[in-house]
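Understanding the architecture of this molecule
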Amino acid sequence: MSDTAQRNARTTGRRTRLYRTAAAVATVTGLALLPSAAGATPGSGVTGTILAKGTSEDTLRLKAKGRTDVTFRTITIAPGGSTGWHYHPGQVLAVVQEGTLTRTLGDCSVETTPAGGSFVEPGGSKDVHIGRNLGTTPVVLYVTYLLPESSPLSVDAPDPGC
């Protein structure tokens, strides 16, 4: 390649880089001038209070079919107390606000959830369980039930022999 051809190639390459740089700067500048979510209309007259917050040990999966009653309530279990063996007709999402909840599941496995933890209980008669407070302070739960319309919150069940 001749000296002139090499100079022309370098000049063309520099112009291309310059044009690309200018285009990138123009794009970024243009995006900066667009309205963003921060410019959204602010709310007014709304307050919120976090009642409970818990972190799950694993992925939470919630689902409901058809018309669903959503019920939210607190449950307090005194030291030495228990829920009795039961199951829920639909899924239950719980946050342990205070104390430590010990649950024995239908397969006799035991799960312990301290304050700040959360868990999902699946629905159906095959998922019987009992919740116990083996500690010296009350267990306080914040529970959300996702149940088929008009179902009871829980159904008593016999001890599976645990």
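Up top is the structure these notes are about.
Residues numbered from 1 in each chain as written. Predicted model: local features only at pLDDT ≥ 70, side-chain atom pairs only at ≥ 80, totals over all residues. Heavy atoms only, no water.

What follows covers the nonpolar core. Counting residues in each nonpolar core, the largest one holds twelve residues, listed as Ile75, Ile77, Val92, Ala94, Val96, Leu101, Phe119, Val139, Leu141, Val143, Tyr145 and Leu147. Taken together, the elements giving at least two residues each to this core come down to strand E2 (68-77), strand E4 (91-98) and strand E9 (139-148). With five residues, the top contributor of residues to this core is E9. Apart from residues lying up to four places away in sequence, Ile77 is in contact with Ser82, Thr83, Leu101, Asn133, Pro138, Val139 and Leu141. One finds Tyr87, Val128, Ile130 and Ala157 within the second-largest nonpolar core, a separate group that totals five residues. (Core = buried A, V, L, I, M, F, W, Y, C linked by side-chain atoms within 4.5 Å. Buried < 20%, exposed > 50% of the residue type's maximum accessible area, 1.4 Å probe, protein only. Helix = DSSP H or I, 4+ residues; strand = E, 2+ residues; numbered from the N terminus. Contact = heavy atoms within 4.5 Å.)

Attention now goes to the sheet that holds E2. Read from one edge of the open sheet, five strands run E1-E7-E4-E9-E2, paired in mixed fashion. Looking at which strands have only one partner, the edges of the open sheet turn out to be strand E1 (55-56) and E2. Two strands pair when backbone bridges link them, and E4 and E9 are joined in this way by seven bridges, in the antiparallel orientation. Bridging across to E9, Leu93 finds its partner in Thr144. (Pairing = 2+ DSSP bridges.)

Right, let's talk about unusual backbone geometry for a bit. One non-glycine residue with positive phi stands out, namely Cys108, at about 75 degrees. Position of Cys108 relative to the elements: it lies in the loop between strand E5 (100-105) and strand E6 (110-114). A relative accessible area of 38% places Cys108 in the partly exposed class. Despite not being glycine, Ser150 has its phi angle at roughly 70 degrees, a positive value.

In terms of burial, E5 is largely enclosed, as five of its six residues are buried. Note: E5 against E6, five bridges, orientation antiparallel. If you follow Arg103 over to E6, its bridge partner there is Glu111. With antiparallel pairing between neighbouring strands as the criterion, E5 and E6 make up a hairpin whose turn holds four residues, including Cys108 at a positive phi of roughly 75 degrees. Across four bridges, E5 lies against strand E8 (residues 129-132) in antiparallel orientation. Paired with Leu105 across the two strands is His129, which belongs to E8.

Tracing the backbone through its elements, the reader meets His86 in strand E3 (residues 86-87). For His86, a relative accessible area of 8% translates into the label buried. Of the polar contacts made by the side chain of His86, one reaches the side chain of His88; its length is 3.3 Å. Not counting the four nearest positions on each side in its chain, His86 is found in contact with Asp127, Val128, His129, Ser154, Val155, Asp156 and Ala157. (Polar contact = N/O pair within 3.5 Å; in protein donor to acceptor, adjacent residues only side chain to side chain.)

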